[in-house]
Amino acid sequence: MNERMARAAGNGLGGAVRPATAATRRVRRTAGTAVSVDELRGDAGKGRPTPSREGRRPQGSPIVRVLRFLREVVAELRKVIWPDRKEQVTYTIVVLFFVSLMVALVAALDLAFAKGVFYLFG
């Protein structure tokens, strides 16, 4: 039963909805850490200020931090959905067309203003 059906059932449209307990809550794994459904919805930690990073010392040596940063960069790049050849060609054509259109517009305006200036002061 999805969340929408559960809300409809709880509104008297049929069926009873069991309250979620710690045992029945699903847990999702995100980026290597377990995250509860409440945390995904944003219910966890409401009313509590975000912890400050001021005054904290960086963890590990600079080399360890750089290596961790590079590992995280690689992990994020693996999540990217790269366009295939057909999409890339289409995007390139669209960009080139738009850039040439903007160049033509700026050139036309430049020519018009130059002629206007020469007309007024020439």
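Everything quoted here is computed from the prediction, not taken from an experiment.

Procedures and definitions
Residues numbered from 1 in each chain as written. Predicted model: local features only at pLDDT ≥ 70, side-chain atom pairs only at ≥ 80, totals over all residues. Heavy atoms only, no water. pLDDT = per-residue confidence, 0-100. Helix = DSSP H or I, 4+ residues; strand = E, 2+ residues; numbered from the N terminus. Patch = residues over 30% accessible without salt bridge, like charges linked within 9 Å, V, L, I, M, F, W, Y side chains within 5 Å. Areas by Shrake-Rupley, 256 points an atom, 1.4 Å probe, with all protein chains shown as cover. Salt bridge = Lys/Arg side-chain N within 4 Å of Asp/Glu carboxyl O. Buried < 20%, exposed > 50% of the residue type's maximum accessible area, 1.4 Å probe, protein only.

Draft legend 1. Examining the confidence of the model for the chain more closely. For the chain, the average pLDDT comes to 77, and 62% of its residues sit at 70 or higher. Ranking the elements of the chain by mean pLDDT puts strand β1 (residues 27–30) last, at 51, and helix α4 (residues 85–121) first, at 97.

Draft legend 2. Examining a nonpolar patch on the surface more closely. A cluster of nonpolar side chains, namely Ile63, Val66, Leu67, Phe69, Leu70, Val73, Leu77, Val80 and Trp82, defines an oily patch on the protein surface of about 880 Å² accessible area. With respect to the helices, strands and loops of the structure, valine 80 is situated in the loop between α3 (62–79) and α4. Judged by its relative accessible area of 36%, valine 80 falls in the partly exposed class.

Draft legend 3. Summary view of the pattern of salt bridges. What the rule picks out here adds up to one salt bridge. Salt-bridge contacts for glutamate 76 lead to lysine 79; the nearest nitrogen and oxygen are separated by 3.1 Å. Here glutamate 76 and its partner lysine 79 are both found in helix α3, three residues apart, which amounts to about one turn of the helix. Of the residues examined, lysine 79 reaches a relative accessible area of 56% and is grouped as exposed.

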